[in-house]
Amino acid sequence: MNRNKIGISILVLATLLVGMVLIPAVSAQKEDNYSVTAEEAFKHANAHMIVL
């Protein structure tokens, strides 16, 4: 009984570890356009200041 719980615990931990490694790799996207206009940056800065 005790040995069974240890085996299941190891299996769950291994599954979580694999998930932590694979999920960020799958959800990563390549971004080619890094440019932001001055107007867009000003809008974001104002919105950020309002939140603070």
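Refer to the structure printed above.
What counts as what
- Residues numbered from 1 in each chain as written.
- Predicted model: local features only at pLDDT ≥ 70, side-chain atom pairs only at ≥ 80, totals over all residues.
- Heavy atoms only, no water.
- Helix = DSSP H or I, 4+ residues; strand = E, 2+ residues; numbered from the N terminus.
- Buried < 20%, exposed > 50% of the residue type's maximum accessible area, 1.4 Å probe, protein only.
- Areas by Shrake-Rupley, 256 points an atom, 1.4 Å probe, with all protein chains shown as cover.
- Expected span 1.5 Å × (residues − 1).

(A) Up close: the overall build of the protein. A count of helices and strands for the protein gives two helices and zero strands. Counting over 52 residues, the protein shows a buried share of 0%. If you sum the accessible surface of the protein, you get close to 5,400 Å²; carbon and sulfur atoms cover 68% of it.

(B) Summary view of helix 2 (residues 38-51). An ideal rise of 1.5 Å per residue puts 20 Å on 14 residues; helix 2 measures up with 20 Å between its terminal C-alpha atoms. Summarising burial for helix 2: zero of the 14 residues are buried, a small minority.

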